[in-house]
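This is what each chain is made of:
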Amino acid sequence: MGRARRSQVSSLIIVERAFRGTVESQYSHAPWMSEMVKAMGGNTSLVLKSHCVLYALNKQQDVSIDFGNYKINTLANYNKAISSVLARGIPVYAKLDDCLSRGIAINDLINGVKAINTLALAKLIDDHDKAWFW
Amino acid sequence: MTDKKTVFLEIVGAPHETDSITSLFRIIHESLSQGHNVEVWACGYATMLTRKALTDTKPGTYIYPEEDITYPTTSHLIKELIQSSDGDLRWGVCEYCKNDRGANDQIDEVEVMMSMSMLTRMNLADVSMVIGTF
């Protein structure tokens, strides 16, 4: 890629439509996009809502799909994806009520993911210049 | 001994939006594994799945240049499966939808079919299912 263009504008990536395009997209999901934004010099944070809180579960297994003689083993591994996002210094938040309604305890989340309530989400939106709702 | 049936699967709707394409791939694989014939009818934006423009591999992740992983495209996966199916898989592409969406560069392994022939093909099958929506 060319030289990263620095940006002072901060963006909050909020994603709630989960598990789309497993075969078509493979790695190109919202967590990857947040890393792309950071790599391009952007200042971003990631919020997981609704079913997307499942992305932040620890102890997820690698999955693959057999398709004829072909094994598709390049599908998204959200455990690795979220860990990679965190390692790049991007804050990751999971909506607490969405976790609890799915039987997910805070201890079930990947280390570093912060559980937040609605008021905290509202503050996050206010603290960022842009909010992208995917 | 398996009673060989013809399974007709119509796939409608845009890739990347839901996991219907993934579900289609799994149903195709399982039907062929059980010894049945499969006819796929790609409609709407599902006609994009088999475009030559996709080539065989997805673009790289960009942010992991050291990664030595090849991500296959849907056109590559479908091409591979048709070639390895010994004629048990037939992939039809709706001509109207293909034209309407500019998906004219279809891979050689699929068959572009007149739109209204869909009903004929569906009626000839033993089992039919429509996956997705316009």
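Every chain is numbered on its own, with residues counted from 1 as its sequence reads. Chain labels run from A onward and ligand labels from 1 onward, assigned in the order the entries are written. Given that this is a predicted model, residues contribute local features only at a pLDDT of at least 70 and side-chain atom pairs are listed and counted only at 80 or more, while totals for whole chains, interfaces and linings are drawn from all residues. Side-chain numbers come from the whole structure's heavy atoms, not from hydrogens or water.

Quick notes on the overall build of chain A
Okay, step 1: Looking only at helices and strands, chain A has 5 helices and 7 strands in total.
Okay, step 2: In chain A, the succession of helices and strands from N to C terminus is β-α-α-β-β-β-α-β-α-β-α-β.
Okay, step 3: Expected size for 134 residues packed as a compact globule is a radius of gyration near 14 Å; at 15 Å, chain A falls within 12% of this value.
Okay, step 4: The principal-axis extents of the C-alpha atoms in chain A amount to approximately 50 × 45 × 20 Å. Numbered from the N terminus, helices here are DSSP runs of H or I no shorter than four residues, and strands are runs of E no shorter than two. Only the C-alpha atoms count toward the radius of gyration. The rule for a globule is 2.2 Å times the residue count to the power 0.38.

Some details on the nonpolar core
Okay, step 1: Ile11, Leu24, Phe25, Ile28, Leu89 and Trp91 of chain B are the most contacted members of the largest nonpolar core, which totals 28 residues.
Okay, step 2: Going through the elements one at a time, β3 (65-67) of chain A together with β1 (6-12), α1 (20-33), β2 (37-43), α2 (74-84) and β3 (89-94) of chain B are the ones with two or more residues in this core.
Okay, step 3: If one sorts the elements of this core by residue count, α1 of chain B sits on top with 5 residues.
Okay, step 4: Apart from the residues lying within four places of it in its own chain, the contact partners of Phe25 of chain B are Val23, Phe67 and Ile72 of chain A together with Leu77, Ile78 and Trp91 of chain B.
Okay, step 5: Here, nonpolar core refers to any group of buried Ala, Val, Leu, Ile, Met, Phe, Trp, Tyr and Cys residues whose side-chain atoms link them within 4.5 Å. The classification of residues rests on relative accessible area computed with a 1.4 Å probe and restricted to protein chains. Under 20% of the type maximum is buried, over 50% is exposed, and intermediate values are partly exposed. Among the nonpolar cores identified, the runner-up in size contains 23 residues, and Ala18, Ile82, Ile90 and Ala94 of chain A belong to it. We call two residues contacting when some pair of their heavy atoms lies within 4.5 Å.

Let's talk about the sheet that holds strand β1 (residues 10-15) of chain A
All names here are of chain A.
Okay, step 1: A sheet is described by the order of its strands in space; here 5 strands give the open sequence β6-β5-β2-β1-β7, paired in parallel fashion. The strands lining the two open edges of the sheet, one partner per strand, are β6 (114-116) and β7 (130-133). Across the sheet, the mean angle from the axis of one strand to that of its neighbour is 25 degrees, orientation sign disregarded.
Okay, step 2: Contacts between helix α5 (residues 118-127) and the sheet are confined to β1, β2 (43-48), β5 (92-95), β6 and β7, with β1 contributing the most and set at about 145 degrees to the helix. Note: two strands are recorded as paired if DSSP finds a minimum of 2 bridges between them. Axes, fitted as lines to C-alpha atoms, cover a helix only where it is in contact. Angles between the N-to-C directions of the axes lie from 0 to 180 degrees.

Quick look at the pairing of β1 of chain B
All names here are of chain B.
Okay, step 1: Counting buried positions over the 7 residues of β1 gives 7, a clear majority of the element.
Okay, step 2: Neither face of β1 is left uncovered, since the one carrying Thr6, Phe8, Glu10 and Val12 and the one carrying Val7, Leu9 and Ile11 both have all their residues buried.
Okay, step 3: In terms of strand pairing, β1 meets β2 through 7 bridges, oriented parallel. Bridge pairing links Val12 to Cys43 in β2.
Okay, step 4: Crossover handedness for the path β1 to α1 to β2: right-handed.
Okay, step 5: With 5 bridges connecting them, β1 and strand β5 (residues 127-131) associate as parallel partners. Bridging across to β5, Leu9 finds its partner in Met129. With the strands aimed away from the viewer, a crossover counts as right-handed if its path from the first strand over the helix to the second runs clockwise.

A word on unusual backbone geometry
Across residues other than glycine, the phi torsion is negative in most instances, and most of the peptide bonds are trans.
Okay, step 1: One non-glycine residue, Ser50 of chain A, lies in positive phi territory at about 50 degrees.
Okay, step 2: Examined against the element boundaries, Ser50 of chain A turns out to sit in the loop between β2 and β3.

A few points about the pattern of salt bridges
Okay, step 1: When a carboxyl oxygen of Asp or Glu lies within 4 Å of a side-chain nitrogen of Lys or Arg, that pair is called a salt bridge. Within the structure shown, the criterion is met by 17 salt bridges over all chains.
Okay, step 2: The salt bridge partner of Arg88 of chain A is Glu35 of chain A, with a shortest N-O separation of 2.6 Å. With Arg88 of chain A in the loop between α3 (78-87) and β5 and Glu35 of chain A in helix α2 (residues 30-39), this pair connects stretches of sequence that are 53 residues apart.
Okay, step 3: On the basis of relative accessibility, which here comes to 3%, the residue Glu35 of chain A falls in the buried class.
Okay, step 4: Shared partners join several salt bridges into a network, and the residues in it are Glu39, Arg90, Glu111 and Arg121 of chain B.

Here's the deal with the pairing of β2 of chain A
Residue and element names in this part refer to chain A.
Okay, step 1: Counting buried positions over the 6 residues of β2 gives 5, a clear majority of the element.
Okay, step 2: Relative to β2, β1 runs parallel, the two sharing 6 bridges. Opposite Leu12, over in β2, you have Ser45 as the bridge partner.
Okay, step 3: When β2 meets β5, the two strands line up parallel, connected through 3 bridges. If you follow Leu48 over to β5, its bridge partner there is Ala94.

Quick notes on the sheet that holds β1 of chain B
Residue and element names in this part refer to chain B.
Okay, step 1: Pairing is parallel across the open sheet formed by 5 strands, whose spatial order is β4-β3-β2-β1-β5. Edge positions in the open sheet fall to β4 (111-113) and β5, since each of these has one partner strand only. The mean inter-strand angle of the sheet, taken between neighbouring strand axes irrespective of direction, is 25 degrees.
Okay, step 2: Seen against the sheet, helix α4 (residues 117-124) touches β1, β2, β3, β4 and β5 and runs at an angle of roughly 145 degrees to β1.

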